[in-house]
Amino acid sequence: MFQIAILMEDQPLLMRCANMSSNGKQWQCQLESPSERLAYLRNSGHLSDLTITFPGNSTVIQAHRLLLAMSSPVFEAMLYGPLAEGDELVLPDDPPEAFEWLLNHLYLNDTQLPHAGLTTKVYMLASKYQLDSVCKICSKVLTNTVNAENFPDIFQIAILMEDQPLLMRCANILEIQTDQVLKSTRMGALEPHALVQILTHKELSPSTEVQVFHALIGWGKAQLATASEEAAAADGASSIKGPPAKDVNGVQKADDKGRDTCPIKECQSEEEGTTALRNVVKEFLPHIRFLTLSADEFVVHVIPTRIFTSDEAVSVLMNIKSLAGTPLPPIAPCTSREKRYNTRNTIYYYR
């Protein structure tokens, strides 16, 4: 206890430790309230009978199974049910920082959540372990902190939790800050189902459909970047390079890096990238109202992405100009010419 007091720089606790050593009283006698005793158990690990670990992370937590079980029916089943496993609880799917906060709440009644990122993680854990009171705390915090930048993360968890008050607040943010939401750096983190709900949301009110299209393209590029990083990490972990390969004449062959610098390869790579992007976003293109764009907007902002083939681009452009006799391509079937913005948004032309 004395070591904990020094580590935490807790002066009142240091004084109690000094008094304890002088008068011979044990910690239970020195800590006056149940909350103080629980805080001591949480910080010291004293009397703990459970070790909690997180595979892939060095965090190790000493806890008390009775306290966890009395707080959550899920913990009770895990720790005292027929499937209970020894003195170690392994949680491979739980973020350690969120679980630490959860324990602080159970032991210390801590209700302060520092930021939306942690709150969303705690919300997930609270739902998983049926901690209804914590779910209410998280919902209230997110409702008060949602903004255009963190909107994608909060909207996604509001859908998952079917949190109606939080969904209503998100709808309000989307209505008055659509452009800012679509430009959020967190758009790329959306799951496909959440992206569809944004693209089809009745409160989506961009200044121009170009904003919606660019948000979709940005989302697609983020998915490709994530997939590329994961593939590179997997390759790096599983492959060990040997000595450079040589041809039959003993001449060292060009490596992958050298081959990639070839202009033809670069061209092929660019084409493959465009094809990959098209494949990622094509299922969402029917939600884009291309016919609300001007011909200039389509030429300047859509065609350069090369999402459409030449024939598809011509077909959409002819429909934008209302030229009869040309059907829309199957990849972009939306026939709506109704702009989505409303009077609460500032209406301007995208430049």
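This structure is a prediction, so every number in the text was calculated from the model and none was measured. (Residues numbered from 1 in each chain as written. Predicted model: local features only at pLDDT ≥ 70, side-chain atom pairs only at ≥ 80, totals over all residues. Heavy atoms only, no water.)

> So what about the overall build of the protein? Which residues, and what values?
Broken down by element type, the protein carries 18 helices and three strands. Put simply, 62% of the contacts in the protein that link residues at least 6 apart link residues at least 24 apart. Total accessible area on the protein is roughly 20,200 Å²; 54% of this is exposed by carbon and sulfur atoms. (Helix = DSSP H or I, 4+ residues; strand = E, 2+ residues; numbered from the N terminus. Contact = heavy atoms within 4.5 Å. Areas by Shrake-Rupley, 256 points an atom, 1.4 Å probe, with all protein chains shown as cover.)

> Which residues make up the confidence of the model for the protein, and what values do they have?
Low-confidence regions, as indicated by low pLDDT, have predicted coordinates that should not be scrutinised in detail. Counting all residues, the mean pLDDT for the protein is 86, and 81% of those residues have values of 70 or more. Across the protein, element-level confidence peaks in helix H13 (residues 192–199) with a mean pLDDT of 98 and bottoms out in helix H15 (residues 256–260) with 43. Ignoring residues within four places in sequence, the model shows residues 248–268, a span with pLDDT below 50, making 13 contacts including any to other chains. (pLDDT = per-residue confidence, 0-100.)

> Can you lay out the nonpolar core for me, pointing to particular residues and giving the numbers?
By size, the foremost hydrophobic cluster in this structure holds 81 residues, and its most contacted members are Ile52, Phe99, Leu285 and Phe290. The residues contacting Leu285, other than those within four sequence positions of it, are Phe213, Leu216, Phe290, Ile307, Phe308 and Ile331. (Core = buried A, V, L, I, M, F, W, Y, C linked by side-chain atoms within 4.5 Å. Buried < 20%, exposed > 50% of the residue type's maximum accessible area, 1.4 Å probe, protein only.)

> For a nonpolar patch on the surface, give the residues involved together with the corresponding values.
On the surface, Leu66, Met70 and Tyr80 cluster together into a nonpolar patch covering about 380 Å² of accessible area. As for its position among the elements, Met70 is in helix H5 (residues 65–71). Taking the relative accessible area as the measure of exposure, Met70 reaches 64% and is therefore exposed. (Patch = residues over 30% accessible without salt bridge, like charges linked within 9 Å, V, L, I, M, F, W, Y side chains within 5 Å. Salt bridge = Lys/Arg side-chain N within 4 Å of Asp/Glu carboxyl O.)

> Give a detailed account of the packing of aromatic side chains, specifying residues and quantitative values.
Here the structure, examined in full by the defined rule, presents 11 aromatic pairs. With a centroid separation of 5.1 Å and 75 degrees between ring planes, the pair formed by Trp219 and Phe284 is classed as edge-to-face. Of this pair, Trp219 sits in helix H14 (residues 209–238) while Phe284 sits in the loop between helix H16 (263–281) and helix H17 (295–302); the two residues are 65 residues apart in sequence, bridging distant segments of the chain. For Trp219, a relative accessible area of 4% corresponds to the buried category. By relative accessible area, Phe284 is classed as buried at 1%. Here Phe298 and Phe308 contribute two aromatic rings whose centre-to-centre distance is 6.1 Å and whose plane-to-plane angle is 25 degrees, an arrangement assigned as stacked. (Phe/Tyr/Trp six-rings, centres within 6.5 Å; stacked < 30°, edge-to-face > 60°.)

> An account of the sheet that holds strand S3 (residues 88–90) is needed here, citing residue identities and associated values.
Pairing between the strands of a sheet is mediated by backbone hydrogen bonds and can be parallel or antiparallel. The strand order across the open sheet formed by three strands is S2-S1-S3, and the pairing between neighbours is mixed. Looking at the sheet topology across the chains shown, the edges are occupied by strand S2 (60–63) and S3. Each adjacent strand pair in this sheet contributes to an overall mean axis angle of 25 degrees, direction not counted. For strand S1 (residues 50–53) and S2, the ladder comprises four bridges, and the chain directions are antiparallel. Bridge pairing in S2 places Thr51 opposite Gln62. (Pairing = 2+ DSSP bridges. Axes fitted to C-alpha atoms, helices over the stretch in contact; angles between N-to-C directions.)

> Residue-level account of helix H10 (residues 151–161), with values.
Extensive coverage of H10 is indicated by the burial of nine of its 11 residues. Where H10 is buried, its residues contact helix H8 (116–128), helix H9 (132–145), helix H11 (164–176), helix H12 (178–182) and H13. Of the residues trailing H10, Glu162 is marked for its positive phi of about 50 degrees.

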